[in-house]
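# Observations on the three-dimensional arrangement
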Amino acid sequence: MNTLHYRPHLTRSLDGSWEFAWLGADIDLREEALESVAAAAEYAGTLSVPGCFDCMPGYEGARGTAAIRTTFETSGEAAGVIAFDGLGIWAAIVIDGRLVATHAKPYSPFSVHLPSGVAGTSGVHELVVLLDNRFDSRRSPLQENYFDFYAYGGIFRPVGYTPLPPAYLSDIAVRTISTRPAAIEVHMVLGGEMVESTPTFAVDGEEATATETSARAEDGSQRPDDRTRTFTLEIDGAAARLWSPAEPAMHRLTVRLGRDECTVPFGIRTVEARDGEVLLNGDPIRLFGWNRHEVHPQFGPALPLAQLEHDIRLMKRAGANFVRGSHYPQDDRFLDLCDQHGVMVWEESIGWQQKREHFTNPSYQRLINEQQAEMIRAHFNHPAIIMWGFQNELHSDEPESRAAVEALARTTRTADPYRPITFASMKFPHDICLDLVDIVSLNTYPGWYASEADEYRPIGEIEERLVYLIAGLKEQGLADKPFIVSEIGAGAIYGWRDPQGSHWSEEYQADHLEEVCRQFLARTEITGLALWQFSDGRTYGSARALSRPRSFNNKGVVDEYRRPKRAYDRVRKLMSRFRDSE
Ligand code: ADA
């Protein structure tokens, strides 16, 4: 199953070698200038898509505008969309010389409809994407230059052209109502012309009976203004294999309506946060894994499919049943692989220590809530996703933060009332927003950002800190919510071996993470543990130079090329059976 199947419709891939023009940093990006900027570009080279222009030799570190161009063919279909799975930082989309969209939400999946004069015609059309990776709090406020991960410029994920019939299914959301008996609810949105006919369904190729539960008009007809329809389907006991990390069974739902047909992978599973535990299919489950950035020296965030699979296998091999997609919407192909490999996911919209100026910025608040809703809409059907997050380490001790968290919690619960929500806080015990989420997640770095300056190897802080957090949550009346240690870790420079085991040595990181894992195994009050982080990744130097040698975040258990450090083997030795024990 490749990423293009994940769209309900069959999509024609536009991945490949696009033409490339570097326009530099003094381009006029006002809306009225974009079509002429696209038209004037002189294409002297190529860029592989998915790919980042600032990963290409000669463009490392470049900040400015690039124009990339390809073509796609239509055959007279009534409608169609060009679907982007994620790019950064900012883009303008121009089709046959006409500006059809601008996009200011890095890593967000989005689609642009074919403009009139293209839809319904047959021929070859020009697609130009103007990409800009400069920081601009007015144009793209979601990405800041103080985030602890490098902001690249490129098309990070696959691009496809999806032809559509006059009446089509634009969204299909599948959720599990119950596992015994197995029953799902299918919610769909109709696009294009309205149709009265009733869709037909098949599960794993077998015809399936559905009961419509949509609200209907008094005479039983569909309300003309209502483009949404909802159905429930029971799935035969023998065929209804549940999704879980141990047995990640996937099913396929095919929906036919008029001339449209969609196939949607889904999993049968329920997830809840209750009485201090996470319940998967009604049974308590503990979570262990890593925070993972989408990053690589050669590709930036535009990772090839093989690298996504490689990362998942490395995490599973060390016992992980869980991954936090830190700190932005994930690649649909990665989520597809997590479904298939049985790795549960915490997915979140972009964020890194947002503060008062963000909470009170209407443009920022609009965009981050849009990204949250679009991420959920695009990824709703992945059974591996068991929780939604947002706003990593926002200043949630400041009064202005509460309205922002309330808005994001409302956006999330509206888009998906069925999954628990959380955010990773670094403000305990002064956090004023933890009552707004279902799962309490705390980032903490005992033994690394050590509190005892004179302590040479402050590993003893780890137990003290975890005991303090568990007690503190109880004191604040939060013990009825599951508690995840959402970040904890230590840095190591790959290859730096030190018999004294001092900071930055592989020995210290291995000793540190072994203690963290031992504490987690011993303290079942901790529902989940996500180590920071899976692989080293580029960040920024300058002000951070002393804490980010090489201008990298070096807390990976593998380096940026996925070469294992001693900590990887130490964690694997201790945790490799964890997946099977849950
Ligand atoms: C924070 C942040 C991470 C990373 C980490 C670190 O917890 O959420 O993205 O910056 O600190 O390495 O210090």
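Residues numbered from 1 in each chain as written. Predicted model: local features only at pLDDT ≥ 70, side-chain atom pairs only at ≥ 80, totals over all residues. Heavy atoms only, no water.

### A few points about the overall build of the protein chain
Of regular secondary structure, the protein chain possesses 11 helices and 34 strands. By the compact-globule yardstick of 25 Å for 582 residues, the protein chain fits well, its C-alpha radius of gyration being 24 Å. Each principal axis of the C-alpha distribution contributes one length, and for the protein chain these read about 70 × 60 × 45 Å. Here the protein chain holds 582 residues, and the buried ones make up 61% of them. Sequence-distant contacts, at least 24 apart, represent 73% of the contacts inside the protein chain between residues at least 6 apart. (Helix = DSSP H or I, 4+ residues; strand = E, 2+ residues; numbered from the N terminus. Rg over C-alpha atoms; globule rule 2.2 N^0.38 Å. Buried < 20%, exposed > 50% of the residue type's maximum accessible area, 1.4 Å probe, protein only. Contact = heavy atoms within 4.5 Å.)

### Brief notes about the sheet that holds strand β23 (residues 277-280)
Spatially, the 3 strands line up as an open sheet ordered β22-β23-β24, and their pairing is antiparallel. In this open sheet, the two strands that pair with only one neighbour each are β22 (271-274) and β24 (283-285). When strand polarity is set aside, the average angle formed by the axes of neighbouring strands in this sheet is 40 degrees. Examined bridge by bridge, β22 and β23 share 4 bridges and lie antiparallel to one another. Bridge pairing in β23 places Glu 272 opposite Leu 279. (Pairing = 2+ DSSP bridges. Axes fitted to C-alpha atoms, helices over the stretch in contact; angles between N-to-C directions.)

### Brief notes about the pattern of salt bridges
What the rule picks out here adds up to 42 salt bridges. Close ionic contact of Glu 185 with Arg 175 constitutes a salt bridge, the shortest N to O distance being 3.1 Å. Of this pair, Glu 185 sits in strand β15 (residues 182-192) while Arg 175 sits in strand β14 (residues 167-179), and the two are 10 residues apart along the sequence. With a relative accessible area of 17%, Glu 185 lands in the buried category. Here Glu 487 ties to Arg 324 by a salt bridge, and the two come within 2.9 Å at their closest N and O atoms. Linking Glu 487 in strand β31 (residues 483-487) with Arg 324 in strand β26 (residues 322-325), this pair joins segments that are 163 residues apart in sequence. Classification of Glu 487 by relative accessible area gives buried; the value is 4%. Residue class for Arg 324 comes out buried when judged on its relative accessible area of 0%. One network of salt bridges, with partners in common, ties together Asp 132, Arg 134, Asp 136, Arg 138 and Arg 139. (Salt bridge = Lys/Arg side-chain N within 4 Å of Asp/Glu carboxyl O.)

### Brief notes about the domain arrangement of the protein chain
Segmentation of the protein chain into domains returns domain 1 (12-164), domain 2 (167-268) and domain 3 (272-581). Put simply, the middle of domain 1 and the middle of domain 3, counted by C-alpha atoms, are 31 Å apart. Contacts between the two partners involve 29 residues from domain 1, matched on the other side by 38 residues from domain 3. Our count for the contact surface shared by domain 1 and domain 3 stands at 3 salt bridges. The partner of Glu 374 in a salt bridge is Lys 105, and the shortest N-O contact between them spans 2.8 Å. Viewed at the interface, domain 3 and domain 1 are joined by 17 residue pairs in polar contact (both at pLDDT 80 or more). The residue inventory of the side of domain 1 that touches domain 3, partitioned by class, reads 19 nonpolar, 4 polar and 6 charged. (Domains from an automatic or database assignment. Polar contact = N/O pair within 3.5 Å; in protein donor to acceptor, adjacent residues only side chain to side chain. Nonpolar A, V, L, I, M, F, W, Y, C, P; charged D, E, K, R; others polar.)

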